[in-house]
Amino acid sequence: MRQEHFQTTIKQLKKLKIGTFNKDFLLTWEQTDDEIKAVVLVAELFKEMHKAGLSFRAFDTGLAISIFRDKSTRTRFSFASAMNALGLGLSELDEEKSQIAHGETVRETANMISFLTEVIGIRDDMFLGEGNKYMREVGAAVQEGFEKGVLHRRPSIVNLQCDIDHPTQSLTDLMQLKKHFGSLEHLHGRKIGVTWAYSPSYGKPLSVPQGIIGLMTRFGMNVSVAYPKGYDLIPDVIKVAKKNASQHGGSFKVVDSTEEAFEKADVVYPKSWAPYQVMQQRTELLSKNDRSGLVELEKACLVNNARYKDWECDERKMKLTTKGRGLYMHCLPADISGVSCEQGEVSKGVFEKYRLATYAEAGFKPFVIAAIIFLTRIQKPVDALHAIIRRNTSRTV
Amino acid sequence: MRQEHFQTTIKQLKKLKIGTFNKDFLLTWEQTDDEIKAVVLVAELFKEMHKAGLSFRAFDTGLAISIFRDKSTRTRFSFASAMNALGLGLSELDEEKSQIAHGETVRETANMISFLTEVIGIRDDMFLGEGNKYMREVGAAVQEGFEKGVLHRRPSIVNLQCDIDHPTQSLTDLMQLKKHFGSLEHLHGRKIGVTWAYSPSYGKPLSVPQGIIGLMTRFGMNVSVAYPKGYDLIPDVIKVAKKNASQHGGSFKVVDSTEEAFEKADVVYPKSWAPYQVMQQRTELLSKNDRSGLVELEKACLVNNARYKDWECDERKMKLTTKGRGLYMHCLPADISGVSCEQGEVSKGVFEKYRLATYAEAGFKPFVIAAIIFLTRIQKPVDALHAIIRRNTSRTV
Amino acid sequence: MRQEHFQTTIKQLKKLKIGTFNKDFLLTWEQTDDEIKAVVLVAELFKEMHKAGLSFRAFDTGLAISIFRDKSTRTRFSFASAMNALGLGLSELDEEKSQIAHGETVRETANMISFLTEVIGIRDDMFLGEGNKYMREVGAAVQEGFEKGVLHRRPSIVNLQCDIDHPTQSLTDLMQLKKHFGSLEHLHGRKIGVTWAYSPSYGKPLSVPQGIIGLMTRFGMNVSVAYPKGYDLIPDVIKVAKKNASQHGGSFKVVDSTEEAFEKADVVYPKSWAPYQVMQQRTELLSKNDRSGLVELEKACLVNNARYKDWECDERKMKLTTKGRGLYMHCLPADISGVSCEQGEVSKGVFEKYRLATYAEAGFKPFVIAAIIFLTRIQKPVDALHAIIRRNTSRTV
């Protein structure tokens, strides 16, 4: 019965054209529709196998490296869990402990850590124009190393959040939507409201909302984004979202208020972020090491944020969604008014109502990451999955 | 021959009623006698298998997480060793690296790190009234997550030392006593003197002596505790010890001097701790962030400690023990007079005489931890052990 | 075909007398010629198996511990990779996190971390007269623990760089030379110029040049060392190099200039180091905690360094090597003039020409470390390798 269910997934996978082997996974919009669907299917399969107490180990040995240039709990543990489940050992490159902070070039270090490495997961989301660039530098370095015979295998670089996209998050969210609506096809015509929300903190990355609008527009959804004046997203990503919408039969628009975005929305994603231009200024000030400029910028930005304290997701606004029962989503942790801060992104009542739903949403991430690693590292993924399913190994003795 | 020996252990295990599956392991006195005996038997079996070069791996994959809110060497490495031997991958939740220090609720984090997690080991022993409470919060959070479908499996929380008990230590000590006297039954009627000892440091947790008196009173031992005026242990644990003693045919009393506790003792456990009331004050001051109050308290406490410099375990006092050859025990590291400090818990001569015995005592800990994990995670532990023994896998190629 | 090639290596190994089991690996000159050759052969075999996508896992479970008392990227990741490939779990002993920094004796800690441990890798290269001594203390402690029944197995201590030698680096370099010249026999009569090079930093360990002259003199090479007045190496190591040279038909001499050392050299190894006497002074000042003395010493040392800015490996000097095409080697990271510093050890042009060669050189290290662990931990290494090859396990599903 269970085996039959697994075989159905295998059949669906066989129909897809998957060209992810030995490649990096940096932006969802660099992946074909088939590849996105393959990630979702493999992640689902892994999740079901885990639930059934079965192993989906795919490696005898091999190393996974993570580089976290920003704090992380859930992505860190999702990555660790995924690597462990696949059979890889995990080593974190802590830039303070290593010599990388002492003038060593990215190019050299990338090769030095990669001799027996299958995958390098990177979070670098702090500086606009920097994070994704850094990932590509690492990718180019290991590509050269592989081509010139330094490395036996070319590890894949996986984006664990950069300045532009947060693909493991948006794919996690996509799985939540698929589960909620029953299938990816059922996303067609559904409205999602992605709205800026007030937060007492400053400088939150833009990659979460950008990831959502760049991915959900590929499934025929009607995506409405709302933010206060000045809180723009990166123009290039807006272009991607528009293009996707026009190609996939959905729509993409920027509106002026949470209310407009929530109106008859099936899903809402209220989340704070810093204005694009502020992030640009910050990167400049940081590169000049202009400490007082940075303090000024933060002060100005917080004052500006405070003008939009009413951009909170509360019960009143939730009533505007379809039948007042739209799905609330968040990548966590949320700034919850009266819980984690005085005033924040979401009211206590709304959050509590959807709290377990957001936990369940997060629960897809380890499997999304495992699926991405699997698809970038295993040359014939469908055959390999077949072997894993047939093997039918229990996770415990 | 070896296999026969293993089978004897299996037979003994079969007689026990074990209800530890999917539960937490927080206080020894929350476990039945059978469960305590099961931990000891499984730990012995694992230790013998390790000595014989055999694997007792029980997991194909799976994650173990440790949260150390206080320094640790031996428990940290015991946990790491145990997890590795069982086949689990280890991830440490470093609260500085993660976002947990930034207002994220325990409830949320507990679920976020647990999607593929089998066990969460926690050390939180610094603040009276806090450590054990925190462990129960984490346990309640994953329980909710499991019941509401967020988690496929509910990880077990294992107490790696809290403010109340240090179960992996007291069980380690129990194994040392079993080895020393030949069987658990032979502990009956034996006297153990648990005595406060002078230390130049301040604020050592109470959980080690509390763990000892809470556990050894269950084996019919005569437990004498001695400490200077004011160095009380938590009243509730004293109650547990008294009740245990009356139920198991031993005795429990608080006496006034090391000499009285050592008199005809078969075992002595001289160890420093902070007074219960001082620890309470400290927790209060810390919660108010009263820095100067804390400095004052430490000063006052050290002055008070210094009045009891003669509470040292030395040759003269050891002569009072049965035939002058009572067993000296310590959880390590000890404050050794003239070695690790000017004056401390134990004289150089006494410690050196028992040094290797204390090392051997510590050597039970990885196996105790492995046994606890095994019994909380494996639904049919006896069948599984049977399979592991029959498998007879060498640890090396 | 591939299996045949592996069998050739096995045949070569069978001819060697290998007595490394259960021993430490601290200085190459404490190992016999056969043992050095065995490390090279096993490392080559592992590298070929990795390239072929095959597993050389040798452990079911077991722990490897690393202690890094100095920064490290490439050795850290080489060690992590090697442990993972062999099937060992890795735990780093971070002396800040543990209680080791708080007066606990090395003897005790060494045992406390070793109950299920196969290998302890140590980097301790900062203080002359201290690093290697510390490794031996750890070795003596686990030896005592093993003999007195505290430990079931005696873990091997592996030197990951000390004040005297850097064996995993010099063996890595030896593999690069073997590959470059076709065989170890072809090293005979080849000239290698090991030269001091200018660096804007201070206090680089002497162990890299010392490791090279202590090892390469055993293969009949003609080793020339050049350094400015006062930049002496440890006299005992110089003696080792002289003795090796006289026994193995090569030569060893100290010359006065890079030019002389590079003249008709087949290989050059230009690398900065601190003068022996300065390192001795530094250790003394540090033990007295003489902060101002240390500042003075660094200042004086940097001023002195600056007198030798022309000790750079540049195109002009490289022309002096055999046919102007001598092999440039470096342990990385190099101080590259105009790249990682204003002026440094090597010109930009020379480094870029050999950059990928130095990367490939570094690529031997994980396999060297794996080979050392294998040979110190597996009692019958040739039989075990036979089993691993016959097993023919793919690294991926």
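Asks: Explain the interface of chain B and chain C to me, please; I cannot follow it from the model alone.
Replies: Quite often, the size of an interface is put as the accessible area lost when its parts meet. Each side of the interface is counted separately: chain B has 37 residues, and chain C has 40 residues. When the buried surface of chain B facing chain C is broken down by residue, Phe77(B), Tyr359(B) and Val397(B) rank first, second and third, together holding 22% of it. Linking chain B to chain C there are 4 salt bridges. The shortest N-O distance in the salt bridge between Arg395(B) and Glu118(C) comes to 3.7 Å. Between the two partners, chain B and chain C, sit 9 residue pairs in polar contact (both at pLDDT 80 or more). Taken together, the residues of the side of chain B that touches chain C break down into 14 nonpolar, 11 polar and 12 charged.

Asks: Sorry, what's going on with helix H8 (residues 235-248) of chain B here?
Replies: For an α-helix, the turn length of 3.6 residues means that residues three or four places apart are oriented alike. All names here are of chain B. Under the 1.5 Å per step criterion, the end-to-end length of H8 is 20 Å for 14 residues, consistent within 8% with the ideal 20 Å. Taken together, the buried positions of H8 are occupied by Val237, Ile238, Val240, Ala241, Asn244 and Ala245. Along H8, the residues classed as buried sweep out an arc of 155° about the axis, all on the same side. Exposed and facing more than 90 degrees away from the buried side of H8 are Asp236, Lys239, Lys243, Ser246 and Gln247.

Asks: Teacher, can you tell me more about the pattern of salt bridges here?
Replies: Proximity of charged atoms lets side chains of opposite charge pair with each other. For the coordinates displayed, the defined rule picks out 57 salt bridges over all chains. Arg218(B) is the salt-bridge partner of Asp33(B), the closest N and O atoms lying 2.8 Å from each other. Taken together, the positions of Asp33(B) in helix H2 (residues 33-51) and Arg218(B) in the loop between helix H7 (207-216) and strand E6 (222-226) put the pair 185 residues apart, joining distant regions of the chain. Residue classification places Asp33(B) among the partly exposed residues on the basis of a relative accessible area of 30%. Several salt bridges converge on common partners, so that one network encompasses Arg107(A), Glu144(A), Glu352(C) and Arg355(C).

Asks: How should I be thinking about the nonpolar core in this particular structure?
Replies: The tendency in soluble globular proteins is for nonpolar side chains to be buried as a group. With 131 residues, the main nonpolar core has Phe56(A), Leu174(A), Ile213(A), Tyr328(A) and Phe374(A) as its most contacted residues. When residues of this core are assigned to their parent elements, the largest contribution, 10 residues, is made by helix H2 (residues 33-51) of chain A. If we skip the residues at most four places from it in the chain, Phe56(A) touches Phe46(A), Met49(A), His50(A), Ala85(A), Leu86(A), Phe367(A), Ala370(A), Ile388(A), Arg391(A) and Leu116(B). Core analysis: the next-biggest nonpolar cluster, separate from the first, contains 130 residues, Leu116(A), Met49(C), Ile192(C) and Met221(C) among them.

Asks: How should the environment of Arg190(C) be read in this particular structure?
Replies: All names here are of chain C. Its location among the elements puts Arg190 in the loop between helix H6 (167-181) and strand E5 (191-196). On the basis of relative accessible area, Arg190 is assigned to the partly exposed category, the value being 28%. For the pair Arg190 and Asn222, spaced 32 residues apart in sequence, the C-alpha to C-alpha distance is 5.9 Å.

What counts and how
- Residues numbered from 1 in each chain as written.
- Chains lettered and ligands numbered in written order.
- Predicted model: local features only at pLDDT ≥ 70, side-chain atom pairs only at ≥ 80, totals over all residues.
- Heavy atoms only, no water.
- Contact = heavy atoms within 4.5 Å.
- Buried area = accessible area lost by both parts, 1.4 Å probe.
- Salt bridge = Lys/Arg side-chain N within 4 Å of Asp/Glu carboxyl O.
- Polar contact = N/O pair within 3.5 Å; in protein donor to acceptor, adjacent residues only side chain to side chain.
- Nonpolar A, V, L, I, M, F, W, Y, C, P; charged D, E, K, R; others polar.
- Helix = DSSP H or I, 4+ residues; strand = E, 2+ residues; numbered from the N terminus.
- Expected span 1.5 Å × (residues − 1).
- Buried < 20%, exposed > 50% of the residue type's maximum accessible area, 1.4 Å probe, protein only.
- Arc of directions from axis to C-beta.
- Core = buried A, V, L, I, M, F, W, Y, C linked by side-chain atoms within 4.5 Å.

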